[in-house]
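Examination of the molecular architecture
Spelled out from the first residue to the last, the chains are:
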Amino acid sequence: MKKTFLSILLSLSSFLLISQTNLFYYLPQDVEYNEKIPTPKQFLGYEVGEWHVSHDQLNYYMRALAKASDRVEIEEMGASHEGRALFLLRITSVENQKNIEEIKSQHLALSQPARSAQMKTDQMPVVVWLGYTIHGDEASGSNAAMLFAYYLAAARSGVLDQLLSESIILIDPCMNPDGMNRFASWVNTHKGENLITDPASREFSQAWPGGRTNHYWFDLNRDWLPGQHPESQARLKKYHEWKPNLLTDHHEMGSDRSFFFQPGIPSRNNPLTPAAVYKLTNELAIYHAQALNRIGSMYYSGESYDDYYIGKGATYPDLQGGVGILFEQAGVKGHARETENGILRFPFAIRNQVTVSLSTIEGSHALRKDLLQQQKDFFQSALKEAEASPVKAYLVDFQQDAYRGREFWKILQSHQINSYQLAKDVQLAGKKFLAGKSLLIPVAQAQYRYLTAIFERRTAFEDSLFYDVSSWTLPLAFGLEDARLDSKSWKTDLQGEQITTFPSTPSSIIGGQSKYAYAFRWDHYLAPRLLHGLLQQGLMCKVSMLPLETADGTLFDRGSIFIPVASQEIDAETLLSQIEALATESGINIYAISTGFTPKGIDLGSPDMRPLSLPKVALLVDGGVRSYEAGEVWHLLDKRYNIPLSLLDINQLSQTRLSRYTSLVMADGNYNSLTEGDKQQIRSWIEAGGSLICWKGGAQWAARAGLAEWSFAQGGAKEVNDFPFEEKDRLRGAQRIGGAIFSAHIDASHPLGFGYPNGKISLFRNSSLFMQSSGQKVRYPLQYDTEPLQAGYISAQNLKLLAESAGAGVQTVKDGRVIGLSDNPNFRAYWFGTNKLFANALFFSHLMD
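Below is a summary of the structure that appears in this document.

Parameters at a glance
- Residues numbered from 1 in each chain as written.
- Predicted model: local features only at pLDDT ≥ 70, side-chain atom pairs only at ≥ 80, totals over all residues.
- Heavy atoms only, no water.
- Helix = DSSP H or I, 4+ residues; strand = E, 2+ residues; numbered from the N terminus.
- Rg over C-alpha atoms; globule rule 2.2 N^0.38 Å.
- Buried < 20%, exposed > 50% of the residue type's maximum accessible area, 1.4 Å probe, protein only.
- Contact = heavy atoms within 4.5 Å.
- Areas by Shrake-Rupley, 256 points an atom, 1.4 Å probe, with all protein chains shown as cover.
- Lys, Arg positive; Asp, Glu negative; His and termini not counted.
- Charge placed at Lys NZ, Arg CZ, Asp CG, Glu CD.
- Expected span 1.5 Å × (residues − 1).
- Axes fitted to C-alpha atoms, helices over the stretch in contact; angles between N-to-C directions.
- Parallel < 35°, antiparallel > 145°, perpendicular 65-115°, else oblique.
- Left-handed = near helix turned anticlockwise from the far one by under 90°.
- Nonpolar A, V, L, I, M, F, W, Y, C, P; charged D, E, K, R; others polar.
- Polar contact = N/O pair within 3.5 Å; in protein donor to acceptor, adjacent residues only side chain to side chain.
- Core = buried A, V, L, I, M, F, W, Y, C linked by side-chain atoms within 4.5 Å.
- Pairing = 2+ DSSP bridges.
- Phe/Tyr/Trp six-rings, centres within 6.5 Å; stacked < 30°, edge-to-face > 60°.
- Lys NZ or Arg CZ within 6 Å of the ring centre and 35° of its normal.
- Salt bridge = Lys/Arg side-chain N within 4 Å of Asp/Glu carboxyl O.

**Regarding the overall build of the chain**
For the chain, the count of helices and strands is 25 helices and 38 strands. Its C-alpha radius of gyration of 29 Å places the chain within 12% of the 29 Å reference for a compact globule of 849 residues. With the principal axes as the frame, the chain shows a C-alpha extent of 90 × 65 × 60 Å. Per-residue burial over the chain gives 61% buried out of 849 residues. In the chain, once contacts between residues fewer than 6 apart in sequence are set aside, the share between residues at least 24 apart is 79%. Here the chain has roughly 32,300 Å² of accessible surface; of this, 48% comes from carbon and sulfur atoms. Of the side-chain charges in the chain, 81 are positive and 90 negative, and the distance between the mean point of each set is 2 Å.

Given below as structure tokens:
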């Protein structure tokens, strides 16, 4: 077989690695090192790269560096879901460390146009943030971080001294501690004295869900925008304490590649990002290329990756006055691995990451003045763009659900976007926004560009290929109505007080103790949490299938929950106490009702008041189940609804007694590992009264298994035979729905539609699987609109398939139900607007006749 240049290079590197891997394989040899600073080997007992460092080892070593070197300080950030420390190393000159608060204050002033206008940046240090291993199984980054930190702490040279006096270097050594620790345990467990390079070996086949994701199986590199996890929340807070000029995001890619650094594909840049960012990106690229040239590593740039989604680590800084740089190293995913280019060894991957870390600080130091000026110009020009914008402010209505309003506001706050109380009522396009019940967000603020990105509904694009989603419009994600104020409708007297703490809405028992019944509405986001708590305590609860008005004039829509007093097995005082405690926890008002006779609608004793039972939920995991979407179910139920969830190994299903569960969830996946016996077991369980809740690949499996009669059309096909070979990937990629938002309508009288009184809903879609609708609303209560595209990219071919297709199907199977959704209702933990669909399926499936 003919060897490529890269394979020859890797083979040579492998030979040298076997005999020469030590500290100076990774670090410059033309400087002295302070012997009082512990090397990684002195601390760990082995050379970096011999084993995968665990998070606790990484944590303790970095703290040892800080203790030993007066150049290094630790900045605590928080803790992961599993309680592992999140922290930064702040490395700079001793003099800078003494004056760090003053330096920080001056640096932050660059992002404040009112303060920055007269500021001189000539003498200011540049702030550089290097982030490693946000994907836990891309471990070369965190292992490189130890070596890079050691170099900065221990190396002695005039060049480094000057760099440290003019730079503040922030090292985020592990952005995903839980995933990284999970992965390190796996690969170290499977390492022997003789390194096995066979890619089929167990070392390279992580157990599901693998180490890429965090504790709840989320990709944290998609969480910079929504910020739904403690790792991201801590990082965003610290990011805005510093507002770095440059942030690097160190990743790994397929093992048969080389090394990538930005710029990416120019046509896929976010159009809101200033041109100056890409100019600096290209100038920094020269330093990375030169550094990798010096050690003989192969690399590429300007291909594969984009800079479009504003919730990724390498893109986020571009709209924050900084520059984000993505690095992608060919992944070993173990200790040594055969690739098409030869044997790829872990130390080689680590060395590349160390090398570009060094080139990053070299380039940022050389471009210090340009980076600082870019930050200053970015925020000043943002105000000018805001002044020229036809949109002067955004309104967001939260009168229906203050909880979703608060969570929306928290995202704005995390990105330092200012929002205000609406001072007086506004009527726009037939919608009334109420004072005190709406957010007003003026565009005239330093974060104009990020604010615009959050609200925009872009449907036209220069390129039709996307590395990630093409839209993320937050009001649509939250199911909150919004509007734009133009120069004619905008008046300064609409702007009330700035909201620094979201107005609290303490729950109460309206009407005091009742001897007859209590009730609460289903439109509150946490209503499922409250209902589950009541049922878990053994209380009888009923749901209203029809609207009604009580004797005191209070309106209750379909889906409202009623708690009769006399039907309980506890006395009225104990009942009140339990209801008050659960209502306080959920922040939901409970209404006391004194009579079952109603002036309008059904009475409280009506047959259309249907009893509810406690859901006992299981989720199939492992095998071909998509871990991201399974994790989203787990996170929603565990963290928000407080509903226990059993995680059932798909390969052990035959040994599981399904009768203990009321609901079985099948998220997206291929489910090819389910046997005929498994299929029959699930069918028998459904026929006996179980509810199967599934979507995308899970719903498709249910249809193939004969559990549902719905059918699917597969989009995305594109005939490419009549086009040049080099065009085939682009043409096929243009048929992919990477992530866009579409409008749909749901039958509000159907139990699946409870909590959606106007029947409107925005669905997130990232698949080209289309559920076919027969037009029967009873069986297909959720359907896409005729012209459904709200934001994002979809090909004309796929849009035609999507229009008027089904968003949900409901199938009766003897005493049970199969509820299939065409899309994931829990996307990335921030699609608050469709979580209620999933909750309705859990609580009300037996009502879906």
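**Some remarks on helix H12 (residues 275-295)**
Over its 21 residues, H12 extends 31 Å from the first C-alpha to the last, a length consistent with the 30 Å expected when each residue adds 1.5 Å. At its buried positions, H12 is contacted by strand E7 (246-253), strand E8 (259-261), strand E9 (323-330), helix H13 (346-366) and helix H14 (368-388). Following H12 by one or two positions, Gly296 has its phi on the positive side, about 80°.

**Focus on unusual backbone geometry**
Residue Pro209 is reached from Trp208 by a cis peptide bond, and omega for that bond is 5°. The amide bond that connects Gln262 to the next residue, Pro263, takes the cis arrangement and shows omega of 25°. If you trace the backbone, Pro263 turns up in the loop between E8 and H12. Even without being a glycine, Lys333 presents a positive backbone phi close to 55°. Tracing the backbone shows Lys333 in the loop between E9 and strand E10 (336-339). At Ala429, a position not held by glycine, the phi torsion is positive, near 50°. Position of Ala429 relative to the elements: it lies in the loop between strand E14 (426-428) and strand E15 (431-433).

**Description of the environment of His365**
With respect to the helices and strands, His365 occurs in helix H13. Separated by 82 residues in the primary sequence, His365 and Glu283 place their C-alpha atoms 12 Å from one another. Residues contacting His365, with those up to four places away along its chain left out, are Gln162, Leu163, Glu166 and Ser167.

**Re the packing of helix H18 (residues 527-536) against helix H25 (residues 832-844)**
Packing of H18 against H25 brings their axes to within 11 Å, and their N-to-C directions diverge by 20°. Judged on the interaxial angle alone, H25 and H18 are roughly parallel. Crossing geometry of H18 relative to H25 is assigned as left-handed. Of H25, the residues touching H18 (which contributes Pro528, Leu531, His532 and Leu535) are Lys836, Ala839 and Phe843. Here the contact of H18 with H25 is composed, by residue class, of five nonpolar, one polar and one charged.

**Quick look at the side chain of Lys431**
Along the chain, the position of Lys431 falls in strand E15. On the basis of relative accessibility, which here comes to 16%, the residue Lys431 falls in the buried class. Within the structure, Lys431 has its side chain in polar contact with the side chain of Asp397 (distance 2.7 Å). Excluding residues within four positions of it along the chain, Lys431 makes contact with Asp397, Gln399, Val426 and Glu481.

**Brief notes about the nonpolar core**
Judged by nonpolar contacts, the single largest core of 171 residues is most densely connected at Tyr518, Phe520, Leu692, Val818 and Phe844. Here the element with the most residues in this core is H25; it accounts for eight residues. Each residue touching Leu692, except ones within four places of it in the same chain, is listed here: Leu664, Met666, Trp685, Ile686, Ala702, Leu707, Arg817, Val818 and Ile819. Counting residues in hydrophobic clusters, the runner-up holds 74 residues, among them Leu27, Val128, Ile169 and Ile325.

**Considerations on the sheet that holds strand E23 (residues 555-556)**
Reading across the sheet, the three strands line up as E23-E22-E26 and stay open at both edges, with antiparallel pairing between neighbours. Because the sheet does not close on itself, it has two edges, and the strands there are E23 and strand E26 (600-601). In terms of strand pairing, strand E22 (residues 548-549) meets E26 through two bridges, oriented antiparallel. Across the sheet, residue Glu549 finds its bridge partner in E26, namely Lys600.

**Let's talk about the environment of Leu220**
Topologically, Leu220 is positioned in the loop between helix H10 (177-189) and helix H11 (230-242). C-alpha separation for the pair Leu220 and His135, spaced 85 residues apart in sequence, amounts to 7.3 Å.

**Notes on the packing of aromatic side chains**
Here the structure, examined in full by the defined rule, presents 48 aromatic pairs. Relative to Tyr641, the ring of Tyr525 lies with its centre 6.0 Å away and its plane at 45°, an arrangement referred to as tilted. Within this pair, whereas Tyr525 is found in the loop between strand E20 (517-520) and H18, its partner Tyr641 is found in helix H20 (residues 627-641), the two being separated by 116 residues in sequence. Judged by relative accessible area, Tyr525 falls into the buried class, the value being 2%. Within the aromatic cluster, the residues linked to one another by ring pairs are Tyr394, Tyr403, Phe408, Phe455, Phe478, Tyr525, Tyr641 and Phe832. Here the guanidinium or amino end of Lys431 rests over the ring plane of Phe433, the centre of that ring lying 5.7 Å away.

**Remarks on the sheet that holds strand E27 (residues 609-611)**
Ordered in space as E19-E25-E20-E24-E21-E27, the six strands form an open sheet in which the pairing is mixed. At either end of the open sheet lies a strand with only one pairing partner, and these are strand E19 (509-510) and E27. Note that E20 and strand E24 (residues 561-564) share four bridges and pair antiparallel. Pairing of Ala517 across the sheet is with Pro564, part of E24. Packing against the sheet, H18 makes contact with E20, E24 and strand E25 (590-593), and its axis sits at approximately 150° to E20.

**Thoughts on the pairing of strand E37 (residues 806-813)**
The element E37 is extensively covered by neighbouring structure, given that seven of its eight residues are classed as buried. One ladder, built from two bridges, connects strand E36 (residues 782-791) with E37; its direction is antiparallel. Bridging from a neighbouring strand, Gln783 pairs with Ala806 of E37.

**Looking at helix H16 (residues 448-455)**
Among the eight residues in H16, eight count as buried, and that is most of the element. Every buried residue of H16 is listed here: Tyr448, Arg449, Tyr450, Leu451, Thr452, Ala453, Ile454 and Phe455. The inward-facing, buried residues of H16 abut H14, strand E12 (393-397), helix H15 (402-414), strand E16 (438-442), helix H17 (474-478) and strand E17 (482-485).

**A short note on the environment of Tyr278**
Its location among the elements puts Tyr278 in helix H12. For the pair formed by Tyr278 and Gly264, sequence separation is 14 residues and the distance between their alpha carbons is 9.6 Å. Discounting chain neighbours no more than four positions away, the residues touching Tyr278 are Asn269, Asn270, Thr273 and Asp307.

**Concerning the side chain of Ser232**
Relative to the elements of secondary structure, Ser232 occurs in helix H11. The residues contacting Ser232, other than those within four sequence positions of it, are Leu220, Asp223 and Gly227.

**Structural notes on the pattern of salt bridges**
The full count for this structure, using the stated rule, is 40 salt bridges. Residue Asp668 is joined to Lys696 by a salt bridge in which the shortest nitrogen-to-oxygen separation is 3.8 Å. Residue Asp668 is found in the loop between strand E30 (663-666) and helix H21 (676-687), and its partner Lys696 is found in the loop between strand E31 (691-695) and helix H22 (697-704); the two are separated by 28 residues along the sequence. Between Glu687 and Arg683 there is a salt bridge, and its shortest N-O distance comes to 3.7 Å. In this pair, Glu687 and Arg683 are both assigned in helix H21, four residues apart and thus about one turn of the helix distant. With a relative accessible area of 21%, Arg683 lands in the partly exposed category. In this structure, a network of salt bridges that share partners links the residues Glu138, Arg212, Asp219, Arg222, Asp468 and Arg828.

Geometric values such as these leave the question of function open.
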